[in-house]
Amino acid sequence: MGLKIWMNNGLVEEAEAKISLFDHGLLYGDGIFEGIRVYGGKVFQLEAHLERLYTSAQAICLQVKQDPQTLTGNILKTVEANRIVEGYIRLIVTRGVGTLGHNPLVCKDSQIIIVATTIQLYPPETYEKGLKVISANTIRMHPQSLSPQIKSLNYLNNILAKLEALKGGADEAVMYNHLGCVAEGTADNLFIVKKKIVLTPPHAAGALIGITRQVVMKLAVESSYEMREKDLTRFDLHTADEMFLTGTAAEVIGVVQIDGRQIGNGKPGPVTKELREKYLALTKSGQ
Ligand code: PMP
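## Here's the deal with the state of the cysteines
Linking two cysteines covalently through their sulfur atoms gives a disulfide.
Here is step 1 of the chain: Per the stated rule, a full pass over the model turns up 0 disulfides.
Here is step 2 of the chain: Cys 61 forms no disulfide, and the closest cysteine sulfur to it belongs to Cys 107, at a distance of 13 Å.
Here is step 3 of the chain: The exposure class of Cys 61 is exposed, given its relative accessible area of 68%.
Here is step 4 of the chain: Given a relative accessible area of 10%, Cys 107 falls into the buried group.

## Observations concerning the site of the ligand
Here is step 1 of the chain: Inspection of the region around the ligand gives 17 residues, with Tyr 155, Glu 184, Ile 211, Thr 212 and Thr 248 positioned closest.
Here is step 2 of the chain: Contact between the ligand and Arg 52: an oxygen atom at 2.9 Å from a side-chain N or O atom of the residue.
Here is step 3 of the chain: Ile 211 places a main-chain nitrogen or oxygen 2.8 Å from an oxygen atom of the ligand.
Here is step 4 of the chain: When the free accessible area of the ligand is taken as 390 Å², the share hidden by the protein chains comes to 93%.

## A short note on the side chain of Asp 188
Here is step 1 of the chain: Structurally, the position occupied by Asp 188 is in the loop between strand S9 (182-184) and strand S10 (189-194).
Here is step 2 of the chain: Lys 162 provides the closest opposite charge to the buried, unpaired Asp 188, separated from it by 6.6 Å.
Here is step 3 of the chain: If near-sequence neighbours (up to four positions away) are discounted, Asp 188 is found in contact with Glu 172, Leu 245, Thr 246, Gly 247 and Ala 250.

## Description of the domain arrangement of the protein
Here is step 1 of the chain: What the domain assignment lists for the protein is domain 1 (4-117) and domain 2 (124-284).
Here is step 2 of the chain: Distance between the C-alpha centres of domain 1 and domain 2: 26 Å.
Here is step 3 of the chain: Between domain 1 and domain 2, the contact holds 24 residues from the first and 18 residues from the second.
Here is step 4 of the chain: Per-residue buried area on domain 1 facing domain 2 is highest for Phe 33, Phe 44 and Arg 52; these three make up 36% of the total on that side.
Here is step 5 of the chain: The partner of Arg 37 in a salt bridge is Glu 251, and the shortest N-O contact between them spans 3.3 Å.
Here is step 6 of the chain: On inspection of domain 1 and its partner domain 2, the count reaches 9 residue pairs in polar contact (both at pLDDT 80 or more).

Rules of the game
- Residues numbered from 1 in each chain as written.
- Predicted model: local features only at pLDDT ≥ 70, side-chain atom pairs only at ≥ 80, totals over all residues.
- Heavy atoms only, no water.
- Disulfide = S-S within 2.5 Å.
- Buried < 20%, exposed > 50% of the residue type's maximum accessible area, 1.4 Å probe, protein only.
- Near = heavy atom within 4 Å.
- Polar contact = N/O pair within 3.5 Å; in protein donor to acceptor, adjacent residues only side chain to side chain.
- Areas by Shrake-Rupley, 256 points an atom, 1.4 Å probe, with all protein chains shown as cover.
- Helix = DSSP H or I, 4+ residues; strand = E, 2+ residues; numbered from the N terminus.
- Lys, Arg positive; Asp, Glu negative; His and termini not counted.
- Salt bridge = Lys/Arg side-chain N within 4 Å of Asp/Glu carboxyl O.
- Contact = heavy atoms within 4.5 Å.
- Domains from an automatic or database assignment.
- Buried area = accessible area lost by both parts, 1.4 Å probe.

Structure follows, in C-alpha cells:
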C-alpha cells in the first residue's frame, strides 16, 4: 500500500498525489521546503522548522495559505495516517500553477504538500567509520544572488558540489563561499574541533541556520565546550582535530578525511562522539 500524502486540504493516496506540469515549483524550482524528523512518534523541533519555512516564504514573496497552527495540525494528521513512529517529513510549498513564463505573480494558488515516510540514513557503519569529504570547486550561492538562508526547491548548486564529491570518490563535499571561507556541506552544516574548541561558520558565511546546528551548538555549550561561530578557511579544515556534519537527516556524523588528508586518527573524534550521543539522547527524550 502506498503512502497517504497531504495535498493542500486533505490526504490523498500516493498514486493520486499529483501536481501540474505548469507548477513553477517544477518549471523553475520556485518554492520552498523543510525536512523534519519524527522520533518516537513525536515531531522533532517542529516550531523551529515552521519558523524557517515562513521566513523562506517571506523572502521570496510566497504566500503559505495555511497558518502555523493549521499546518502543524495537517503535519500531525499526515504522520498519524502513515503510522510513522521513526521517520521523516518533507514539507513542500510550491509557487503553484502558472504559465510557461517565469512570472511568479500569475501563480495564484501556492501548493502545500506533506509527505511522511521512513528514512534511509547513512548505514550504521558509516557513523562508525566517518565520512570522506572533498573541498568543492562549486561555491555556495553569493548572498546577493540567492540567500543561502532560503531553503528553496532550487538545489542545483548543492547538487553540483555533491556530484564533485561522488565523482571524486568522496561521500560529501565542503562548499566555500565567494570569499573562500567555509560555508557548509551540500545538505548539512559543518563543525570542526580544534584544541577542544568547537567551531562552525557563521550564517553570514553562507551556512544555512540549520535546526540541528542550533541544537548541537547548545549541546556543546551545555557540555562546557567553548563554542564559536567563526569564519573558517581550507587551512582550518586541513588542520582540524575533528570534523563533523549536522543535519536533520544525517543527525551528527563524523568526517575523517578531507581532500585526501586524514583528520585526527582517522576515526570520528571524542567530541564528535559525545555530541552525537547527546543529540541522539535528546531526540529520544521527546523534546
Ligand atoms: N545546509 C543545507 C544546504 C541543507 O539543505 C540542510 C538541511 N537539509 C542543512 C544545512 C541542515 O539543516 P537542518 O539541520 O535544519 O536539517
